[in-house]
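# Descriptive structure summary
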Amino acid sequence: RLRGIGGRPVGDARGQVLPLFALLLVVICGFAALAIDVSSAYSARRAYRSVADAAALAGAQDLYQSGTRVISTATYAKARARAFSSVQAQFGGTYACDPDGTLRTCRLTGADGATYKVAVRSPLAAGTCENCDPARSVGVDVARLAFPLSFARVIGWNDVAVGAKAVAG
């Protein structure tokens, strides 16, 4: 047999485990960090869905008027305002809005300093929702435009947009 430096046989694989272990440890830690970032983003999405659901239900309550099928533009505006005030009550903070006919889009800076985009629509376009009357429904979109990531910054991802939608009628 051929002998190398230190008297070991050539082709001896001893000492190869440590570099492989170090490499795999880095990979496993990376997957764990990614799992933490992804789970926190999904948790935030669940919370935003709850906010959007509550806001859509709050706005849709104004659209129910017994004895009539006609809904005035003032009633739609009141429903959109109530839906947005529900979102604001849950996030706190200040906002700037752009009312535009059937849509009210606002940028909300929450009490935590985060920026959210909130869109409230009523009436909805035909075919927008299943099993509901679009004329008596409210749609709410809530999105945090820059949800901060912790561990993904190592690979260059500082933040990601996270949001949810809800319709009630």
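Residues numbered from 1 in each chain as written. Predicted model: local features only at pLDDT ≥ 70, side-chain atom pairs only at ≥ 80, totals over all residues. Heavy atoms only, no water.

Another point: the overall build of the chain. Across its full length, the chain carries two helices and five strands. Along its sequence from the N terminus, the chain presents helices and strands in the succession α-α-β-β-β-β-β. The buried share of the chain, reckoned over its 169 residues, is 32%. Pairs at least 24 residues apart make up 48% of the contacts formed inside the chain by residues separated by at least 6 positions. Taken as a whole, the chain presents about 10700 Å² of accessible surface, with 60% of it coming from carbon and sulfur. (Helix = DSSP H or I, 4+ residues; strand = E, 2+ residues; numbered from the N terminus. Buried < 20%, exposed > 50% of the residue type's maximum accessible area, 1.4 Å probe, protein only. Contact = heavy atoms within 4.5 Å. Areas by Shrake-Rupley, 256 points an atom, 1.4 Å probe, with all protein chains shown as cover.)

Okay, helix α2 (residues 73-91) next. If you check α2, its first and last C-alpha atoms are 27 Å apart, about what 19 residues at 1.5 Å a residue would give, namely 27 Å. Among the residues of α2, Thr75, Tyr76, Ala79, Arg80, Ala83, Phe84, Ser86, Val87 and Phe91 are the ones counted as buried. Two residues or fewer after α2 comes Gly92, characterised by a positive phi angle close to 70°. (Expected span 1.5 Å × (residues − 1).)

In this section: the packing of aromatic side chains. Applying the stated criterion to the full structure yields four aromatic pairs. A ring pair is formed by Tyr48 and Phe91, whose centres lie 6.0 Å apart and whose planes are at 70°; its orientation type is edge-to-face. Of this pair, Tyr48 sits in helix α1 (residues 17-61) while Phe91 is found in helix α2, placing the two residues 43 residues apart along the sequence. Their ring planes at 15° and their centres at 4.1 Å tell us that Phe91 and Tyr116 sit as a pair that is stacked. Of this pair, Phe91 sits in helix α2 while Tyr116 sits in strand β3 (residues 115-121), placing them 25 residues apart in sequence. Accessibility expressed as a relative area gives 14% for Phe91, which makes it buried. On the basis of relative accessibility, which here comes to 2%, the residue Tyr116 falls in the buried class. One aromatic cluster in this structure is built from Tyr48, Phe91 and Tyr116. (Phe/Tyr/Trp six-rings, centres within 6.5 Å; stacked < 30°, edge-to-face > 60°.)

Another point: the pattern of salt bridges. What the rule picks out here adds up to three salt bridges. Its salt-bridge partner being Asp62, residue Arg82 comes within 2.6 Å of it at the nearest N-O pair. Of the two residues, Arg82 is situated in helix α2 and Asp62 in the loop between α1 and α2; the sequence distance between them amounts to 20 residues. What makes Arg82 partly exposed here is its relative accessible area of 35%. Under the relative-accessibility criterion, Asp62 is labelled buried at 13%. Between Asp133 and Arg136 there is a salt bridge, with its nearest N and O atoms 3.9 Å apart. What makes Asp133 partly exposed here is its relative accessible area of 28%. Residue Arg136 is classed as buried on the basis of its relative accessible area of 13%. (Salt bridge = Lys/Arg side-chain N within 4 Å of Asp/Glu carboxyl O.)

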